[in-house]
Amino acid sequence: MIEIDTLCKSYDGVEVVRDVTLTIQPRTITVIVGTSGSGKTTLLRMINRLVEPTSGTIKLDGEDNRSLPGYELRRRIGYAIQGHGLFPHRTVGQNIATVPSLLGWSKARITARVNELLTLFQLDPAAFAPRFPHELSGGQQQRVGVARALAAEPNVLLMDEPFGALDPIIRAKAQDDLKAIQKHFGTTILLVTHDMEEAIRLADMIAVMDKGCVVQFAPPSEILTKPATDFVATLIGTSDRPFRLMSLAKVGDAVEPGSANGLAIAASMNQRDALAELLWSGRQALPVTAADGRVLGRITLEGLTARAGHSSGHPA
Amino acid sequence: MKLWWSLGLRIIVFGLLLAFLLQPYWFAPLLKPLTQNNAPAIYNQGSLLSLTLSHLQIVLIATVAATVLGVTLAILVTRKFGAEFLALSRSLVNIGQTFPPVAVLALAVPAVGFGEKPTLIALFLYGLLPIFENTLTGLTTLQPSVIEAARGAGMTGWQRLLKVELPLAFPVILGGIRLSMVISLATATIGSTVAAKTLGEVIIAGLLSNNLAFVLQGGLIVAVLAVLIYDSLSALERLMARRMGA
Amino acid sequence: MDKLGVVITALAAYALLISPFATFRANRIVPGDPVGLLNAVATPVNGLVLALLIAIALLALVKTSVIARLVASVVAIVALCLAIGLAAQHLTPEGNSYARVAPASGFWLLLFAFALMATDALTRLQPPPGVRILALLVTALGIAALLKSGSWDGLSILKEYSTRAASFWREVGTHVTLALGSLAAATVIGLPLGLLCHRIRPLRAAVLNSLNIIQTIPSIALFGLLIAPLGWIATHVPGASAVGIAGIGAAPAFVALFLYSLLPVVANTVTGLAGVPQAAVDAARGVGMTLWQRLTKIELPLAFPVILTGIRIVLVQNIGLATIAALIGGGGLGVFVFQGVGQTAMDLVLLGAVPTVAMAFAAAVLLDAIIDKVRMQA
């Protein structure tokens, strides 16, 4: 759990973070969204004390983050940044081993951890550990960057625009991987981005920041349906709103009894993609199947459109 | 194939230099045409080998001292507590470079007397500048994201310096050392005018006795040494830089 | 408290308390006697100078405005310059033309400390190019005025000068001609050569490598090696000796300086041209410029600051290297340096070295200002 209490930061009298109070639940992904200059990165960097706050406190699992020297605190918190920041003079293996070796882990334990992480990120340890970062593709470098941040088994992982330098296709894959990794380790992730799409895709909770203040802190569905301010509404973009909302819900939640012809849709697909399938195939309804291939019912164009509306009750 | 050629060429040049230093009289017939009135073709007032070694020794001592001080100073002015000296140190380096080596050499004589010492001082001061400047460049042009990552990983200031900043700046620092050594090799010859034992002795003896063979052999040994050192340090730099994907 | 101020105050304290301000020698050759500031200058001026220097050194300790620091350091430097002149007058016995008074380590340390303070202030102020040139001019005029006024006439370096006034100016002339002439020649040849290297890739490596190798040949050797070919030309080519080509003297020095100058000019021309954005060249082609128009209207103007940097390197380097010409009878201020080293007469060394350093420094300031000006306009 991360408790941020009336946190402020000003540079030469200019307040970049104002009175931020947030409580972040353990084992969740919280995404901080805002335009550039909104103070989101400063807020993130105050958690591992790369920036010292002007006033206010931050507690990690009940313990004030100033009770340790800054560098020791940072060894306990994962940190991944845009453009990965890999050390170009060290191999992939050495890069991932950075924090474990600072903490004085045994060689065997470090090697085991490096291999475990590389495998988890679908990079063959034998092939990749001895390579240098410049010999990797952009997507691979980014994965190594996240692996390095997770190396010392931190409870908390801070990410500053971690996917900013990736092209859209690789980015979508990286986001899916991140969700899987988060489930695997149960890490509490705090991620900063300017991309609302990314926030909706990843977040359990979204904090929207504007001019140093958190203007709304809510689950994605609530941000979409009840934007607290005009700024939040602009950030969502009104025209895409129904589709974004649908992308949060699964087909399984919109199954109606009955049968239909055509290519079956998986219950785990999100509703936006299902709508696209329906429109593209020109049918009114398509069958829905469970993971084991059992037919659960059907999904209809009419049913989905009704759900897309603002007023409809929506599963969060 | 091309690699073998260039490596072979370097080995031949080095072999020739070694042969000339160990058995200079083998080459006497080549240099004879440059002499007049039956003057000796090979320097005969001392051993070329020992002059070369003494020349190299002076250059090496000066370069090592300049490296230690230059790198240390550059580290200090790039730390937080030395930051206010950064701009000033840049100006001082700029001004320092306008001092001609001969002037430094001549002005050092009254302070320390004739011999190796004024030469060492001049070479040290003159060699300090490129090393300091390059180290400064190396340490101030590091990728910000890498330094940010090092901080974020929980490295202390020392750890960042030793494990990240210096290794990354190393090729650039090496470039400064290379520059400094090549300048020193040439400048050390002037040291003979204040009685330092360097290859300048051979050249000046040639100038005084109007013996071109002396001038040529002294000059060539220094030039070949400089080319070989320049070349091997460049190769080392390229190797380091390639590892980092530059 | 100012960190640099601590260094300045420590240096000044050491210089004032421990080091001698001036050296007195009964004649040119004998070892000197150290004299402190209080004994070197007549009372009560000595007390005033001491108090002023102490005050300014203490001022350096506290954080004050940059302008105040600049003014204070300049005042200190002027006071030092006047005091050393007064010391020479005070210490030299009436009518004694053998006695020599020279600045000693204390003077140089104080000068260094306050020059450091001034440099620091100037670095912080970052004056625009015009102001820098003006400041250089004012400094030069100030030094000229001090020399003209005769207040430094008692100093040993000026006594050396007065016995060699004619040859001094002749050697200055030779020095400047060597440095500037070889630079001009290197620019005339190096610029087109750089252009060619830019256009013809295979030529680039060959030319730059050869010029690089020339740079590694020690200057005295290169000067010496040119004696033979130039001597040969002088005797075998009709009319060559009439235009001043000779085996010894200024000609080999000129050629050597020219050869050393080529590398920075050619290399910077190539770098400058390579640095011109491809988009600008494409745009120039797009609007239908000819090769020549592209070169004169786009590429050369954009590459100009870099080329100018090469010329700055050459000029400063040549002013320094021209001192070596004296070793092969080529003249220049090196004559006094090497004579001085030979006779262990420091004053004579200074007579050669100080103007050389001053010229190199002035050239660097002037060209840096011009380069900044050109960059600002670009």
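Note that the structure is a prediction, hence the values are computed from the model and not measured.

Within chain C, the regular secondary structure consists of 16 helices and three strands. Across its three principal directions, the C-alpha atoms of chain C cover 75 × 55 × 30 Å. The buried share of chain C, taken over its 378 residues, is 48%. Excluding contacts between residues fewer than 6 apart, the proportion of contacts in chain C whose partners are at least 24 apart in sequence is 76%. Working note: accessible area of chain C is about 17300 Å², and carbon and sulfur atoms make up 73% of it.

Another aspect to go through is the sheet that holds strand β12 (residues 285-289) of chain A. All names here are of chain A. The strand order across the open sheet formed by three strands is β11-β12-β13, and the pairing between neighbours is mixed. Of all strands in the sheet, those bounded by a partner on one side alone are β11 (265-266) and β13 (295-300). Sitting on the sheet, helix α13 (residues 271-281) touches β11, β12 and β13, and the angle it makes with β12 is about 140°.

Okay, the packing of helix α7 (residues 156-163) of chain C against helix α8 (residues 165-199) of chain C next. Residue and element names in this part refer to chain C. Remark: α7 packs on α8, axes separated minimally by 5 Å, with the N-to-C direction vectors making an angle of 90°. By the angle between their axes, α7 is roughly perpendicular relative to α8. In contact with Y161, S162 and T163 of α7, α8 contributes A165, F168 and W169.

For the rest of this paragraph, the subject is the interface of chain B and chain C. Counting from both sides, the interface comprises 38 residues of chain B and, opposite them, 41 residues of chain C. Summed over both sides, the interface of chain B with chain C buries roughly 3200 Å², with 81% coming from carbon and sulfur. The three residues of chain B that bury the most area against chain C are B:E84, B:L88 and B:T98, which together make up 17% of that side's buried surface. One can count one salt bridge joining chain B with chain C. In this structure, the salt-bridge partner of B:E84 is C:K3, at a minimum N-O distance of 3.4 Å. At the boundary of chain B with chain C, the tally comes to three residue pairs in polar contact (both at pLDDT 80 or more). Going through the elements one at a time, α4 (86-96), α5 (101-112), α8 (157-190), α9 (200-208) and α10 (212-243) of chain B are the ones with two or more residues in the side of chain B that touches chain C. If one sorts the elements of the side of chain B that touches chain C by residue count, α10(B) sits on top with nine residues. Here the side of chain B that touches chain C is built from residues that sort into 29 nonpolar, eight polar and one charged.

The interface is formed by 20 residues belonging to chain B together with 24 residues belonging to chain A. For the pairing of chain B and chain A, the buried interface totals around 1900 Å² over both sides, and the portion due to carbon and sulfur atoms is 60%. Three residues stand out in chain B for area buried against chain A, namely B:E148, B:R151 and B:R243, and they jointly supply 27% of the buried area on that side. Linking chain B to chain A there are one salt bridge.

What follows concerns helix α5 (residues 105-125) of chain C. Residue and element names in this part refer to chain C. Its 21 residues give α5 an end-to-end C-alpha distance of 30 Å, which sits within 8% of 30 Å, the value for a rise of 1.5 Å per residue. Of the positions making up α5, those classed as buried are G106, F107, L110, A113, F114, L116, M117, A118, T119, D120, A121 and T123. Q126, located one to two residues past α5, shows a positive phi value of around 45°.

Residue and element names in this part refer to chain C. A surface patch of nonpolar side chains, amounting to about 460 Å² of accessible area, comprises L52, I67, V71, V75, L122 and L125. Of all the elements in the fold, those that place two or more residues in the nonpolar patch are α4 (66-91) and α5. The element contributing the most residues to the nonpolar patch is α4, with three residues. Along the chain, V75 falls in helix α4. Relative accessible area serves as the criterion here: at 36%, V75 is assigned to the partly exposed category.

The next subject is the sheet that holds strand β3 (residues 29-34) of chain A. All names here are of chain A. Within the open sheet, the six strands sit side by side as β6-β7-β8-β3-β9-β10. Their pairing is mixed. At either end of the open sheet lies a strand with only one pairing partner, and these are β6 (77-81) and β10 (213-218). Going across the sheet, the axis of each strand differs from the next one's by a mean of 15°, ignoring polarity. Sheet analysis places strand β7 (residues 156-160) next to strand β8 (residues 188-193), joined by five bridges and oriented parallel. Counterpart to L158 in the pairing with β8 is L190. Contacting β3, β7 and β8, helix α8 (residues 168-185) crosses the sheet at an angle of about 155° to β8.

Under the definition given, this model contains 27 salt bridges over all chains. Its salt-bridge partner being C:K63, residue C:D2 comes within 3.9 Å of it at the nearest N-O pair. Taken together, the positions of C:D2 in the segment before α1 (3-17) and C:K63 in the loop between α3 (45-61) and α4 put the pair 61 residues apart, joining distant regions of the chain. The exposure class assigned to C:K63 is exposed, which follows from its relative accessible area of 58%. Here C:D372 makes a salt bridge to C:R132, at a shortest N to O gap of 2.8 Å. Highlighted residues: C:D372 in helix α16 (residues 346-377) and C:R132 in helix α6 (residues 129-149), separated in sequence by 240 residues. Linked through salt bridges whose partners overlap, the residues forming this network are A:R109, A:R113, A:E116 and A:E153.

Turning our eyes to something else, we now look at the nonpolar core. When a protein is soluble and globular, its nonpolar side chains tend to lie buried together. By size, the foremost hydrophobic cluster in this structure holds 76 residues, and its most contacted members are C:L211, C:L222, C:F223, C:V266 and C:I324. Among the elements that line this core, the one with the most residues is helix α12 (residues 250-274) of chain C, at 13 residues. The next biggest cluster of nonpolar side chains, apart from the first, holds 50 residues, and it includes A:L86, A:L136, A:A147 and A:L157.

So, on to the pairing of β10(A). Residues and elements named next belong to chain A. Bridge count for strand β9 (residues 205-210) against β10 is five bridges, and the pairing is antiparallel. Following the sheet pairing, D210 is matched in β10 by C213. Counted between consecutive antiparallel strands, the loop separating β9 from β10 contains two residues, among which K211 sits at a positive phi close to 50°.

Below, the discussion takes up the pairing of β12(A). Residues and elements named next belong to chain A. Across the five residues of β12, five count as buried, placing the element largely inside the fold. Bridge analysis of β11 against β12 gives two bridges, and the strand direction is parallel. Its bridge partner being in β12, I265 is matched across the sheet by V288. Both β12 and β13 contribute to a ladder of five bridges, which runs antiparallel. Within β13, the position partnered with P287 by the bridge is R298.

Further remarks concern the packing of aromatic side chains. Going through the model one piece at a time under the given rule, you end up with eight aromatic pairs over all chains. Both rings, one in B:Y43 and one in B:F214, keep their centres 5.4 Å apart while their planes meet at 80°; by these two values the pair is edge-to-face. Note that B:Y43 is positioned in the loop between α2 (28-31) and α3 (48-78) and B:F214 in helix α10, a separation of 171 residues in sequence. Comparing B:Y43 with B:F214 shows no difference in burial state: the two are buried. Between C:F107 and C:W108, the ring centres sit 5.2 Å apart and the planes meet at 75°, which makes this aromatic pair edge-to-face. Pairwise contacts between aromatic rings join C:Y161, C:F168, C:W169 and C:F336 into one cluster. Its end group placed over the ring of A:W105, A:R109 keeps NZ or CZ at 3.6 Å from the ring centre. One cation-aromatic arrangement involves A:R131 over A:F128; the distance from NZ or CZ to the ring centre is 4.5 Å.

In this section: the confidence of the model for chain C. Here chain C averages 88 in pLDDT, while 97% of its residues score no lower than 70. The ipTM assigned to the predicted complex is 0.81, against a pTM of 0.82.

The rules we used
Residues numbered from 1 in each chain as written. Chains lettered and ligands numbered in written order. Predicted model: local features only at pLDDT ≥ 70, side-chain atom pairs only at ≥ 80, totals over all residues. Heavy atoms only, no water. Helix = DSSP H or I, 4+ residues; strand = E, 2+ residues; numbered from the N terminus. Buried < 20%, exposed > 50% of the residue type's maximum accessible area, 1.4 Å probe, protein only. Contact = heavy atoms within 4.5 Å. Areas by Shrake-Rupley, 256 points an atom, 1.4 Å probe, with all protein chains shown as cover. Pairing = 2+ DSSP bridges. Axes fitted to C-alpha atoms, helices over the stretch in contact; angles between N-to-C directions. Parallel < 35°, antiparallel > 145°, perpendicular 65-115°, else oblique. Buried area = accessible area lost by both parts, 1.4 Å probe. Salt bridge = Lys/Arg side-chain N within 4 Å of Asp/Glu carboxyl O. Polar contact = N/O pair within 3.5 Å; in protein donor to acceptor, adjacent residues only side chain to side chain. Nonpolar A, V, L, I, M, F, W, Y, C, P; charged D, E, K, R; others polar. Expected span 1.5 Å × (residues − 1). Patch = residues over 30% accessible without salt bridge, like charges linked within 9 Å, V, L, I, M, F, W, Y side chains within 5 Å. Core = buried A, V, L, I, M, F, W, Y, C linked by side-chain atoms within 4.5 Å. Phe/Tyr/Trp six-rings, centres within 6.5 Å; stacked < 30°, edge-to-face > 60°. Lys NZ or Arg CZ within 6 Å of the ring centre and 35° of its normal. pLDDT = per-residue confidence, 0-100.

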